[in-house]
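Results of the structural survey
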Amino acid sequence: MDSGSKLFECVELFRVNEGLSEGEDSSKGTQAQSTVTIELSCWREADSHSTLVVVCSNDYIVIKATPADGAAVVRQLKWFESRPQHILDITMDRYGQWLACVCLDGALYLLPIVSLVLGQVPIFSFGELDDLTVILPSKKRAPPTCLAWWETMDNRHICITGSEAGELTFFDLTRHCDLQSIQFSSCIDSMQLAHKANWYTYLLINIRGGQWQHIMLEERLHESSNIPFNEASSIGFEVLSDEVVVKSLVRPKGELDPTFKAQPVMSFNELTKLSSHDWKDSHFLGALNLKSHKFEVYHYEFDMTPNLINICQLVKGATNVIMADRLMFVISHNDDVNEFTFNLNIMSWQRAVESSVQVSMSQAQTAVVQLFTIPSTGAIVGFYPLHSYRKFEDSEDIESLPPTRLGGCVVVTSTAVYQCRQMRSPESVFLELCLGSATPEKAESFAITYKLDICALYQLAGQKKLADKKYSQALLLFDTAKCSALEILERFSKLGRMSELVQYLHRVVYQSETHGPKSGPKELQDLLIKCFVHQCLEIQDHYEAVAMADKFVQFIRDQFLYNQTVALELLISCGLKEQVLELAKTHQKLSEALGLLLHYGSLYLDSSVQSSLSSRQYVESLTSVSEGVLLYLINSSTFVNFLVAMPSLIPRHLHNLRLLMPSLNIRTLVKLAYLLDPYNPSICPLLKRARSKRRNSTGSIVSSAASDGEVEPSDSPHPLTSPTLETYIELFLSVLITLNQKRRTQSPDRSLSISSSMLGQTYTKHLVALSEGSQVVQSNPLAAGLHHATVVMDGILYTWGSNKNGKLGHGDVEEEQKSLPTRVETLHMLGHQVLAVSCGAEHTVAMCQDGLFSWGGSSHGQLGHGDRLKRTRPVQIATLADKNVVSVVCGQYHCLALDGDQRVWSWGWGVHGQLGLQSTDDRLFPVHVSVLDSKEITFIAAGYGHSAVLTSKGEVLVFGNGMYGQLGLGNSEKQSCPMVVPGLQKRTVYLIGCGNFHTVAVCTDQSVYYWGKNLQRFNPPPSSQQGSNRKGRPNHSFHNTLVNSFTPQLMSGTEFDDTVTQITCGGFHTMFLTAAGSVYACGKNQSGQLGLGPTAELLCPKKLPHFDRRKIVGIAAGDEFSLAIDETGTPWVWGKAEQGQLGIDDRRQSLVTPVPNETLRLMHESSRHTGVESPDMSEPSLFALDMGWQLCDFAAFGSDHVPYGQEALCAALQHLHGFYRHTPIVHQLYLAQDWTALTTIYHDAQQWSQALECALLGCTSDNTTTSAPAAGEVIKTYLDLFVSASKNHHSYSFVMCGTQMMTCLFNYWQSRGLSSALLEGILSEHLSTLAYILSLFVSHNPALASGVSIEFHMKVVKEVQRQIGSGLPKPEDIISSSRHPKDRKAAMEMPDRDEHLWSEIRRNLFVGLHKGTSIPISEQTLASLEAQEKETTLNPELHPEAIVAFSCGHSFLESQFQTKIVPEFVERAHTFFPVPIHQTLKHLQTHYKQSHFYLCACPYCVFQYLRKEQLDTGTPPSNPIHPWNP
């Protein structure tokens, strides 16, 4: 190697005086009588200093201490001259502060060298700091041969000595005594301590005769499982518990543990020299064959067969080896010179490793990169690695790259001490070779030798050439460095070298094939776009500009990798519209392009462009921009025709259709009605998809006339939201209303009076059942966690088991355990209908109709509320409040959710990548797993630290911890990005389940596959996957053992009696539910969790005979317990019961067979008969598989032979009742004055007064003589209906409704001047029923009743007198019995909406009060009271503040409640609620000022209920209504 390439220097630290006799002065010049030599040495490096100690033959100890920031200090100490105190071996502690010497007499001497030489106080104290400390053996022992210093993991210090008699003795340096000994067969020549990252420590012993043995000194174990610490940690498993113990050979009291025994390493011949090495953060064993000079490197762990890693051919005469990261330092004999010398060889690992072809000794010499000759008259005394570094003088040349540290060594011979240290960085040498006259091959060979980052170095060389303005050479170096073209272009563009830039860009994009993905073609094309734009704007010549524009267009058509959005913005900002539209059409970016044109105010397009955009393929783009504003560029009827041809576009254009509806003609409206007709098969898929979006409508029908201006016109869904089923039905009805309104106001179009066959197809009358939508709610009534369980019964949630961290949701209760099931009152009081529930280790998540609620512990953010605070009551997850969540599952400390758009959301613990977000961070809020968007996810599952999802194609994707193979990917690595399980790609999976450390999948052919931790036995994971097992254990691969399965394995013996419909996995067991209601189980059964009695563990699923005569409809598996529920609603429990997780009052620790939970069943039945009403579920179920529509062919319905005529509208209102909101439809019918349709709605709702009014308005005509008989028939009909529908004719409601009917018909009769005789005749037929009503009406409305004859008045009076005489109540008594006796008129003025809300609030406020004996005070309020009590003690003039408490369990300070909470409640209601509730707020404010104890819910809980009501109205709020929690 050239002198310029040398990196190391070898310096002599000091030399002993060879020519001096003991005690003689060198100045005398006499002949030496004896030679002073170095006999022993020891070297230590610490952060603060390095220490070298040598023992000389003249009984002197020389100590050289070198501080890290100072000069070296050397001191000589005179040792004892007597023979018994002759030093045989020395060692130091790891800090180089204490020296231990073992002498011929067997005693141990301790010398505080750091205090004697540097004057510092040592970290540990073992004796006097200014003198020797002697530890004498307890008995006479054989002369020692070697010494080692052992600092234990529990901070004890022990010296170990080996003797000629093969005795291994332990000295306790703190207690100053020797301990017991271990006897070996022969003399112990040497020994070495080996550590591994605080996992274990062992001793490597060389016994005379070439035998090598090792003995474990200490090992770190998990206390609970007795698993070695390194075995669990080495493959990435992260243990939450810190219960770790250290098992040591030397017990705390000094005795030796007999279970630690010495074992032979492996068979080596006598000429093999073993050494222990810490290399590349791992522990290795080096075996040097002194004959063949081959150095074998073994990956070594105690009690494991060494695994050969490398074989290196060393130079001839090699005797000692030190392993460094890139180099080896080798001592060899130099037999080529007359004088006896040693060679210090610095060899390259890269070149010394032996390949398949044997390397000769001469070839091994080529691996030597530098050589030093060390003169010596004796032997090598010590050879130590050097780790301390100094700053290189040439480091300033490579500031952008950290210099490579190659290590060094210290060589101690019998006459001198040498230090080999690095003096230059290899990076600087490489730059000299690269920038100089050296060939590229020589520079690359140098880089390979030292394993340098050659690309980074070539890039640095290119930067230097670029700074010297040698552009061509710089470009060549950047190319050699494989720099991305983007980096090269950036560097040249900063220098303004446009000519080189354009040439290089053109060559790379169009010609070069060498860059590929390294050069980033996407970025290159982005830059080329900018160049084209620059050229188009700069070129002045017309022909050149046209040629450049054509070339630009050709590039747009040919290339596809550039960022189209950025290119569009650039082109629009520069006014290049031709290229904009060409790019948009080529890459299907028309919507984005039109949106950008609109944003930048460049919307003007000439007629030719508009014509090209009017074609069918661009309709979707036109209507998706700015909520359809570009729709007006094309004809509206043409647009409807496009939608008829492409129904899939309907969802996003419903809002536009509603806007266009008034401008459409009759023919187009007929086509639109056909398009939206639920009887039309083409619309059914959209209705199926929207079914899960539908919200149950609440409240009664409110006429627009009675709404007092508060009900707004029919609201339209926002175009960006996914439409609900109600939206489709309401739009269909709106089209029919508009169509028939136009037919009444315009001349009839006779061309449409034909059969519906002109619409393209004649549909027969049949049942249309909406079954199996694209995404249905995955609801399970049962869920089980680590030590708690839940069940949903009739929409009510019950929980039981351990209440740690409040995961049962019962508030701030003191009990650690809740053995008996208890209803979650917060959800019940607020009327939240629970659909599904899932449990984690310390938290619970419930899916309700109006969102997700979570509670319990949140140490990893698993509650999804943005913090790590626990919640003891359910709190809504605000992030998912507007998402249509259809499924939620809990892992141990994380959650997954699936929404109706098949998007996956995850949050919580993410250290293993189980969130699928390509990171290992915890997430405190739900985060969209966007990488799964293209997979159409239909099912989700979560385990302890891993997750799995199922696609619509039957693929299984997994992510998270794979330590036990639970990912099924063939390895034990983590995966933070979802990966497809390769072993199931040829199977179609439809069910998956995740246990703690295993995964199970069921295929369509009913075959079952499992992978992960073996469900039978708990074995520690192997620490390596390289085929090496503990000694004596068969060397099987992972896939062939009973321990774990790293790929899917077919479960044999699976014979189910029917199709598997559900699978659930517990800690170490799995259960299956079939369509026949049978339950099968397999796995561990230590607590009876299989439900099969005291049986052994099962590999194959076995049917539970206990359920042979029962049909099970739901199952759940906890850690060591199981749940089931049968078709009668009876829950069944079995398994471990220590923490009340079975929910029964039983003192047994476990149940091995299922038992019914009668307590829960009786409690639920009792709650249903206490008068507390559950939310109304009488309307058609939102998630029913069959909606039960008995539809007719609306297009051909009726006798008028007009498509979608008036009769079809009325039929649609009747058949689709319950699937649309009445308020917007009624409002539109009032505006259209469609009294016939209004009559139909009110008639079906039995609101007789409104139905009568609309029916009378419908029969009105210009000829009053012909309208009177018709009106009479209408009145007679509805009076008959009113009387027959009422059971109590003297009730308040009957009287009030009848009064409204009288007002209506008398108003109508008087306004048209009709004869009173006909009306009196009709009323006389029901006089016995209507007498009370007529008497009240006449007395309160004399003006309307003025046309009635005296005779009729007398009939009414006599009938009233007769009824009173017979014992019936007086009319005024009926009125006084109303709920509003003080002011009936004011009560009647309350809008129906407010009255409904107020009654619902009153009903929910008092839920469960009959069971409560006290109201708990929250921890926050108690803390405030304690603070007030302290202030009152200090200042007696202060008075303690009162508390206001509520039946919902919340409590507040009075000042806080009245000044902050109530005003904020009112402000939120005014600000966020789209439908005003003035009367309700007035009643609530009055109610909250009554007392300090309220038999009602607090404003927070009331707001949650009102929020639900407002969202159910369907009116879009101007601002999002976020949950408001305490």
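Preceding block: the structure.
Let us look at the structure shown here.

This paragraph deals with the overall build of the chain. Within the chain one finds 40 helices and 60 strands. Here the chain holds 1526 residues, and 53% of them are scored as buried. Of all intrachain contacts in the chain linking residues separated by at least 6 positions in sequence, the fraction that spans at least 24 positions is 60%.

Taken in spatial order, the four strands line up as β2-β3-β4-β5 in an open sheet, and their pairing is antiparallel. The open sheet has two edge strands with one neighbour each: β2 (38-45) and β5 (73-78). Averaged over all pairs of adjacent strands, the angle between their axes in this sheet comes to 15°, without regard to strand direction. Bridge analysis of β2 against strand β3 (residues 49-56) gives seven bridges, and the strand direction is antiparallel. Across the sheet, residue C42 finds its bridge partner in β3, namely V53.

Applying the stated rule across the entire model yields 29 aromatic pairs. Their ring planes at 50° and their centres at 4.9 Å tell us that F446 and Y450 sit as a pair that is tilted. Comparing F446 with Y450, the two get one shared label, buried. Each ring, one from F1452 and one from Y1500, has its centre 5.7 Å from the other, and the planes form 40°; the classification is tilted. Linking F1452 in strand β59 (residues 1451-1453) with Y1500 in helix α40 (residues 1499-1512), this pair joins segments that are 48 residues apart in sequence. By the ring-pair criterion, three or more aromatic residues cluster together here, those being Y893, W909, Y944, Y964, F997 and F1068. Sitting over the ring of F1068, K1084 keeps its end group 5.1 Å from the ring centre.

Right, let's talk about the sheet that holds strand β41 (residues 923-928) for a bit. Ordered in space as β38-β39-β40-β41, the four strands form an open sheet in which the pairing is antiparallel. Unpaired on one side and paired on the other, β38 (885-890) and β41 mark the two borders of the sheet. Averaged over all pairs of adjacent strands, the angle between their axes in this sheet comes to 15°, without regard to strand direction. Sheet topology note: the strand β39 (residues 894-899)/strand β40 (residues 904-908) ladder contains five bridges and is antiparallel. Following the sheet pairing, L898 is matched in β40 by V904.

Moving on to helix α30 (residues 1292-1311). If you check α30, its first and last C-alpha atoms are 29 Å apart, about what 20 residues at 1.5 Å a residue would give, namely 28 Å. Every buried residue of α30 is listed here: F1294, V1295, M1296, G1298, T1299, M1301, M1302, C1304, L1305, F1306, Y1308 and W1309.

What follows covers the pairing of strand β55 (residues 1121-1126). Across the six residues of β55, six count as buried, placing the element largely inside the fold. Covered by surrounding structure in β55 are F1121, L1123 and I1125 together with S1122, A1124 and D1126, the residues of both alternating faces. As judged from the five bridges shared by strand β54 (residues 1112-1117) and β55, these two strands associate in the antiparallel manner. Considered in β55, the bridge of I1115 is made with A1124. Between β54 and β55, which pair antiparallel one after the other, the connecting turn spans three residues. Across five bridges, the pairing between β55 and strand β56 (residues 1131-1136) is antiparallel. When the sheet's bridge partners are listed, A1124 is paired in β56 with W1132. Once β55 ends, the chain turns through four residues before running back antiparallel as β56, passing G1129 with a positive phi of about 90°.

With that settled, consider the nonpolar core. Counting residues in each nonpolar core, the largest one holds 89 residues, and the members touching the most others are Y1204, M1302 and F1306. Ranked by residues supplied to this core, first place goes to helix α22 (residues 725-745) with 10 residues. Setting aside chain neighbours within four positions, we find M1302 in contact with L1279, L1323, L1330, I1333, L1334 and F1337. Core analysis: the second largest hydrophobic core is formed by 52 residues, L431, C434, A447 and F478 among them.

Attention now goes to the side chain of T319. For T319, the location among the structural elements is in strand β23 (residues 318-323). Apart from residues lying up to four places away in sequence, T319 is in contact with K273, L288, L290, I331, S332 and H333.

What counts as what
Residues numbered from 1 in each chain as written. Predicted model: local features only at pLDDT ≥ 70, side-chain atom pairs only at ≥ 80, totals over all residues. Heavy atoms only, no water. Helix = DSSP H or I, 4+ residues; strand = E, 2+ residues; numbered from the N terminus. Buried < 20%, exposed > 50% of the residue type's maximum accessible area, 1.4 Å probe, protein only. Contact = heavy atoms within 4.5 Å. Pairing = 2+ DSSP bridges. Axes fitted to C-alpha atoms, helices over the stretch in contact; angles between N-to-C directions. Phe/Tyr/Trp six-rings, centres within 6.5 Å; stacked < 30°, edge-to-face > 60°. Lys NZ or Arg CZ within 6 Å of the ring centre and 35° of its normal. Expected span 1.5 Å × (residues − 1). Core = buried A, V, L, I, M, F, W, Y, C linked by side-chain atoms within 4.5 Å.

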